[in-house]
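Examining the three-dimensional arrangement
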Amino acid sequence: MKLSVAIITFNEERILEKTLSSIEGLADEIIIVDSYSTDHTETICKRFSKLKFIQQKFLGFGRQKNYAISLCTSEWILFLDADEIPDETAKDSIRKIMSDEHQKCFVYDIRFNNIFLGKALKYGGWGNTRRERFFKKGYGKYSEDIVHEEFITTETKCRLNGRINHYTYKDIHHHIEKSNKYTSMMAEKMYRNGKKATVAKILFKPLYQFIKSYFLRLGFLDGLVGYYAAFTAAFYTFLKYKKLHEITNLNK
């Protein structure tokens, strides 16, 4: 059986070459759907012979990922972000599953190592993350949400051995830049779904998020980076509700 690795990109030169190098020997084809990057993303992609580079205007994360899935020609799909690298155990597990003639599962989730500012976080809600990333074509797709899309399947999910190392942000500036982008999209998504942003939510939702991440989910055990992760999670919550409030007022 063959494997397609699918990735959507926009200005991903930071570690894209490492990601592609890590899966080149595993994949039969690599599908990149790029949203017209202005950095060296395309140049990096053209170094890999198995790679098909397609450019399309960004449709939102869910729709963009589904378009990438539609371009895959293999029976199995591994979907990665450009800053995610599967470890050797994960790759061996994928090979074993594809070589099994009596497969019982067609959708697998996998544990993540979320590496935040150089540290692999173990607490605060970051350390037990699992996501569906390996599946047989036709057995699942993503919701069409503009951001924070979900994998939709009616199949029973199994667990893939190994981990995906997720190199989240280069530095604090990169984190703030992406948070600003994602909170704008999240506010738009919430508005479309009829969500409301009251003053109470703007004030107290961020506080609860910090308490949940830092204390209830033991983020303090990750040291200074754990504090920063909890603080920025709270700030992310503040921004999305504040932006939702602004969008609502503009559309009255």
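Scroll up for the structure.
One structure accompanies this document, and this report is about it. (Residues numbered from 1 in each chain as written. Predicted model: local features only at pLDDT ≥ 70, side-chain atom pairs only at ≥ 80, totals over all residues. Heavy atoms only, no water.)

Structural notes on the packing of helix H6 (residues 199–216) against helix H7 (residues 223–250)
Viewed as axis vectors pointing N to C, H6 and H7 meet at an angle of 155°, and their least axial separation amounts to 8 Å. Considered as vectors, H6 and H7 are oriented roughly antiparallel to each other. Remark: the crossing between H6 and H7 carries right-handed chirality. Along its contact with H6, which presents Lys201, Ile202, Lys205, Pro206, Gln209, Phe210, Ser213 and Tyr214, the element H7 presents Gly226, Tyr227, Ala230, Phe231, Ala233, Ala234, Thr237, Phe238, Tyr241, Lys242 and His245. (Axes fitted to C-alpha atoms, helices over the stretch in contact; angles between N-to-C directions. Helix = DSSP H or I, 4+ residues; strand = E, 2+ residues; numbered from the N terminus. Parallel < 35°, antiparallel > 145°, perpendicular 65-115°, else oblique. Left-handed = near helix turned anticlockwise from the far one by under 90°. Contact = heavy atoms within 4.5 Å.)

Here we look at the pairing of strand S2 (residues 29–34)
Looking down a regular strand, the side chains alternate between one sheet face and the other. Of all the six residues making up S2, six are buried; the element is thus mostly covered by neighbouring parts of the structure. Of the two faces of S2, the one holding Glu29, Ile31 and Val33 and the one holding Ile30, Ile32 and Asp34 are both buried throughout. Here six bridges tie strand S1 (residues 3–9) to S2, and the two strands are oriented parallel to one another. Within S2, the residue paired with isoleucine 7 across the bridge is isoleucine 32. Handedness of the crossover is the feature at issue here: the chain leaves S1, passes through helix H1 (residues 16–23), returns alongside S2, and the resulting connection is right-handed. Taken together, the five bridges between S2 and strand S3 (residues 51–55) define a ladder with parallel strand orientation. Among the inter-strand pairings, valine 33 is bridged to a residue of S3, identified as isoleucine 54. (Buried < 20%, exposed > 50% of the residue type's maximum accessible area, 1.4 Å probe, protein only. Pairing = 2+ DSSP bridges. Right-handed = clockwise from strand over helix to strand, strands pointing away.)

Observations concerning the pattern of salt bridges
Within this structure, the stated rule accounts for 15 salt bridges. Here arginine 95 makes a salt bridge to aspartate 92, at a shortest N to O gap of 3.1 Å. A residue pair is termed a helical-turn pair when its members lie 3 or 4 positions apart in one helix, as arginine 95 and aspartate 92 do in helix H4 (residues 88–99) at three residues. Exposure remark for arginine 95: the relative accessible area of 37% places this residue in the partly exposed category. Of the charged contacts in the structure, one is a salt bridge between lysine 189 and aspartate 145, with a shortest N-O distance of 3.8 Å. Residue lysine 189 is located in helix H5 (residues 172–192), and its partner aspartate 145 is located in the loop between strand S9 (141–142) and strand S10 (151–152); the two are separated by 44 residues in the primary sequence. Within the structure, one salt-bridge network assembled from shared partners comprises Lys65, Asp81, Glu84, Arg133 and Glu149. (Salt bridge = Lys/Arg side-chain N within 4 Å of Asp/Glu carboxyl O.)

Focus: the environment of serine 37
Position of serine 37 among the secondary structure elements: in the loop between S2 and helix H2 (41–45). Judged by relative accessible area, serine 37 falls into the buried class, the value being 17%. Taking C-alpha positions, serine 37 is 4.9 Å from phenylalanine 10, a pair spaced 27 residues apart along the chain. Filtering out sequence-adjacent residues up to four positions away, serine 37 remains in contact with Thr9, Phe10, Asn11 and Gln55. Polar contacts involving the side chain of serine 37 include one to the main-chain amide nitrogen of asparagine 11, which spans 2.7 Å. A distance of 2.5 Å separates polar atoms of two side chains, one belonging to serine 37 and the other to aspartate 34. (Polar contact = N/O pair within 3.5 Å; in protein donor to acceptor, adjacent residues only side chain to side chain.)

Description of the state of the cysteines
For the coordinates displayed, the defined rule picks out one disulfide. Two residues share a disulfide in this structure: cysteine 105 and cysteine 158, whose sulfurs sit 1.6 Å from each other. Of this pair, cysteine 105 sits in the loop between H4 and strand S6 (107–116) while cysteine 158 is found in strand S11 (residues 157–169), placing the two residues 53 residues apart along the sequence. A disulfide-free cysteine, cysteine 72 has its sulfur positioned 14 Å from the sulfur of cysteine 45, the nearest such atom. (Disulfide = S-S within 2.5 Å.)

Topic: H4
With twelve residues, H4 should reach 16 Å at 1.5 Å per residue; the first-to-last C-alpha distance of 17 Å fits that figure. At the N-terminal boundary of H4, the capping side chain belongs to aspartate 87, with an oxygen 3.3 Å from the backbone nitrogen of threonine 89. (Expected span 1.5 Å × (residues − 1).)

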